[in-house]
Amino acid sequence: MIKSMALLAVVLGICPFLLGLFYTGFTEKEKNNILLHMAAGYVIMFGLFEITALPLIFLRQSLTALVYLYGGMILAVSVVSLVRNIRRIPEILLSIRQAVQKFTICIWGQFLIIAGQIFIYIRYQYYNSDDAFFVASASTSLATNTIFAYSPYTGSLYEKLPSRYVLSPFYAFTATISKVTDTHPAIVAHMVFMILFLLLFYAVYALLGRIFFACDMVKTGYFMILASALQIFSAYSERTSGLFLLIRLWQGKAVLAGILLPMVLYMALRMFFDSTEIKGKQTADYALLFLLMCACCMVSSMGIILGAIMLGILGILAAWRQKQIRLLVNTALCCLPNLLCAGIYLAIR
């Protein structure tokens, strides 16, 4: 158990931080913000997984091959990031200390709300019919050392890969994390991912609050409390993003609605509408935006369309506002993963 917890801390804590550190090493704005490091790190992890897993799925390769290829890629980038940015770590720790000293009562109250939600996740569990596919697919992949080769319902070999699920291998990501950390997929999904993605959700909304209110700590604190209230009291329907956040955050569709689509909004505001952003130095931002579109495709088939639509609308508005056709072209290039996945879907359905 201690070994698994240590591996989970490394794979889902240290590695995303180092990946995010690699990204912020090429930016200027909020480069010492730990929230941005973690959010960007998970975008990179998800995006690289989509790029790595899809070819292996269609080539009928083993889960072990995916683990070694993907794990080696993440490890390599993490080591390069550590070597390149090790001198920045004291600055980041100092910025965290300075930020904590400026916390308002609303922000401390927000931490209590988060702690209460985590307690509920630990104390209670929610199960639904989607477990029979997503968690079972991860368990089947582990048991057979394959990537979506067998049906989780019947155990029979797929003669034709189901077009609805094959392009969004979030189940394979669960299996990969489970194999690397030696933790059962059900525990990874219902316990680890629920808590981890909840923290990531609030990190992304805190980043949005900082942009909305020009880094005003007081106003950002009020914004976070309001966002929490809207989520907690959104169980008036089974289809709201808030309800998915409360009870089904281990599913890819909930990650899309609660984390990645708000991250698309954050990146668009950061790159296109923020006057403090340094123009001409957005190569790293566009690279992250490209991986963010890959991540939207990875977590859910709905993300293939919704991610591109959301980014496209924001890109059109920004291009019209700034009178720059080049911005629209760059945005379209970032949507290439979505267009490619849509084309593959139409071809295999």
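It should be noted that the structure appears before, not after, this text.
Residues numbered from 1 in each chain as written. Predicted model: local features only at pLDDT ≥ 70, side-chain atom pairs only at ≥ 80, totals over all residues. Heavy atoms only, no water.

Trainee: Explain the overall build of the protein to me, please; I cannot follow it from the model alone.
Mentor: A tally of helices and strands in the protein yields 16 helices and zero strands. Dimensions of the protein, computed from C-alpha atoms along their principal axes, come out at roughly 55 × 50 × 45 Å. A sequence separation of at least 24 residues applies to 74% of the contacts in the protein between residues at least 6 apart. When the accessible surface of the protein is summed, it comes to about 16500 Å², and 70% of that surface belongs to carbon and sulfur atoms. Treating the 25 positive side-chain charges of the protein as one cloud and the 13 negative ones as another, the clouds have centres 3 Å apart. (Helix = DSSP H or I, 4+ residues; strand = E, 2+ residues; numbered from the N terminus. Contact = heavy atoms within 4.5 Å. Areas by Shrake-Rupley, 256 points an atom, 1.4 Å probe, with all protein chains shown as cover. Lys, Arg positive; Asp, Glu negative; His and termini not counted. Charge placed at Lys NZ, Arg CZ, Asp CG, Glu CD.)

Trainee: How do you make sense of the pattern of salt bridges when you look at a structure like this?
Mentor: It is possible for side chains of opposite charge to pair when their charged atoms get near one another. The final tally for this structure, using the stated rule, is two salt bridges. A salt bridge links Arg-210 to Glu-30; its shortest N-O distance comes to 2.7 Å. A residue pair is termed long-range when its members are at least 10 positions apart, and Arg-210 in helix 9 (residues 185-212) and Glu-30 in the loop between helix 1 (2-24) and helix 2 (34-58) qualify at 180 residues. The exposure class assigned to Arg-210 is partly exposed, which follows from its relative accessible area of 23%. Here Arg-270 and Asp-285 are joined by a salt bridge, their closest N and O atoms 3.4 Å apart. With Arg-270 in helix 12 (residues 252-273) and Asp-285 in helix 13 (residues 283-299), the pair connects residues that are 15 residues apart, well separated along the chain. Across this residue pair, the class does not change: Arg-270 and Asp-285 are buried. (Salt bridge = Lys/Arg side-chain N within 4 Å of Asp/Glu carboxyl O. Buried < 20%, exposed > 50% of the residue type's maximum accessible area, 1.4 Å probe, protein only.)

Trainee: Please explain helix 13 as it appears in this structure.
Mentor: In an α-helix, one turn spans 3.6 residues, which is why side chains three or four residues apart end up on the same side. For helix 13, built from 17 residues, the straight-helix expectation of 24 Å at 1.5 Å per residue is met to within 8% by its first-to-last C-alpha distance of 25 Å. Counting buried positions over the 17 residues of helix 13 gives 14, a clear majority of the element. (Expected span 1.5 Å × (residues − 1).)

Trainee: It is not clear to me how the packing of helix 1 against helix 2 should be interpreted in this structure. Could you clarify?
Mentor: The packing of two helices is summarised by the inter-axis angle and the distance between the axes. Relative orientation of the contacting elements helix 1 and helix 2 amounts to 100°, with a least axis distance of 6 Å. Classified by the angle their axes make, helix 1 and helix 2 are roughly perpendicular. Residue-level contacts link Val-11, Leu-12, Gly-13, Pro-16, Phe-17, Leu-19, Gly-20, Leu-21, Tyr-23 and Thr-24 of helix 1 to Ile-34, Leu-36, His-37, Met-38, Ala-40, Gly-41, Tyr-42, Ile-44 and Met-45 of helix 2. Split into classes, the residues belonging to the contact of helix 1 with helix 2 amount to 14 nonpolar, five polar and no charged. (Axes fitted to C-alpha atoms, helices over the stretch in contact; angles between N-to-C directions. Parallel < 35°, antiparallel > 145°, perpendicular 65-115°, else oblique. Nonpolar A, V, L, I, M, F, W, Y, C, P; charged D, E, K, R; others polar.)

Trainee: Quick question: what am I supposed to make of unusual backbone geometry here?
Mentor: Residues apart from glycine generally show negative phi values, whereas peptide bonds are mostly found in trans. Even without glycine at this site, Glu-30 takes up a positive phi of about 55°. The class for Glu-30 is buried, based on a relative accessible area of 15%. Unlike most non-glycine residues, Ala-214 shows phi in positive territory, near 55°. Mapped onto the fold, Ala-214 is located in the loop between helix 9 and helix 10 (217-232).

Trainee: Help me out: how do you make sense of the environment of Cys-15 in this one?
Mentor: In this fold, Cys-15 is placed in helix 1. Considering only alpha carbons, one finds Cys-15 and Tyr-150, 135 residues apart in sequence, at a separation of 30 Å. The contacts of Cys-15, once residues within four sequence positions are left out, are Val-10, Ile-74 and Ser-78.

Trainee: Even after reading the chapter, I still don't get the packing of helix 3 (residues 63-85) against helix 8 (residues 170-181), so can you show me in this structure?
Mentor: Interhelical geometry of helix 3 versus helix 8 gives an angle of 80° and a closest axis separation of 10 Å. One element, helix 3, and the other, helix 8, form an angle in the roughly perpendicular class. Every residue of helix 8 that contacts helix 3 at Leu-63, Thr-64, Leu-66, Val-67 and Tyr-70 is listed here: Ala-172, Phe-173, Ala-175, Thr-176, Lys-179 and Val-180. Of the residues contributing to the contact of helix 3 with helix 8, the split by class is eight nonpolar, two polar and one charged.

Trainee: Explain the packing of aromatic side chains to me, please; I cannot follow it from the model alone.
Mentor: Working definition: an aromatic ring pair is given by the centre-to-centre distance plus the angle between the planes. Tallied over the full model, the rule gives 29 aromatic pairs. Ring centres of Tyr-42 and Phe-46 lie 6.0 Å apart, and the angle between their planes is 55°; on these two criteria the pair is classed as tilted. Remark: Phe-46 and Tyr-42 occur in helix 2; sequence separation between them is four residues, near one turn of the helix. Tyr-42 sits in the buried class, given a relative accessible area of 3%. Measuring from centroid to centroid gives 6.5 Å for Phe-46 and Phe-170, while their planes differ by 75°, and the two rings are edge-to-face. (Phe/Tyr/Trp six-rings, centres within 6.5 Å; stacked < 30°, edge-to-face > 60°.)

Trainee: Sorry, what's going on with the state of the cysteines here?
Mentor: Cysteine pairs can be covalently joined through their sulfur atoms, and such a bond is termed a disulfide. Inspection of the entire model under this criterion finds zero disulfides. Free of any disulfide, Cys-297 has its nearest neighbouring cysteine sulfur in Cys-341, separated by 4.1 Å. Residue classification places Cys-297 among the buried residues on the basis of a relative accessible area of 1%. (Disulfide = S-S within 2.5 Å.)

Trainee: Hey, could you run me through the side chain of His-37 in this one?
Mentor: Positionally, His-37 belongs in helix 2. A polar side-chain atom of His-37 sits 2.8 Å from the main-chain carbonyl oxygen of Lys-31. Setting aside chain neighbours within four positions, we find His-37 in contact with Pro-16, Phe-17, Gly-20, Leu-21, Thr-24, Lys-31, Asn-32, Arg-88 and Ile-92. (Polar contact = N/O pair within 3.5 Å; in protein donor to acceptor, adjacent residues only side chain to side chain.)

Trainee: Hey, could you run me through the nonpolar core in this one?
Mentor: Across soluble globular proteins, nonpolar side chains have a tendency to be buried as a group. Grouped together as the largest cluster of nonpolar side chains are 106 residues, with contacts concentrated most on Phe-46, Phe-173, Phe-193 and Leu-260. At 18 residues, helix 9 tops the list of elements feeding residues into this core. Apart from the residues within four sequence positions on either side, Phe-173 is in contact with Met-45, Phe-46, Phe-49, Tyr-70, Phe-193 and Met-298. (Core = buried A, V, L, I, M, F, W, Y, C linked by side-chain atoms within 4.5 Å.)

Functional significance is not addressed by these values, which are geometric in nature.
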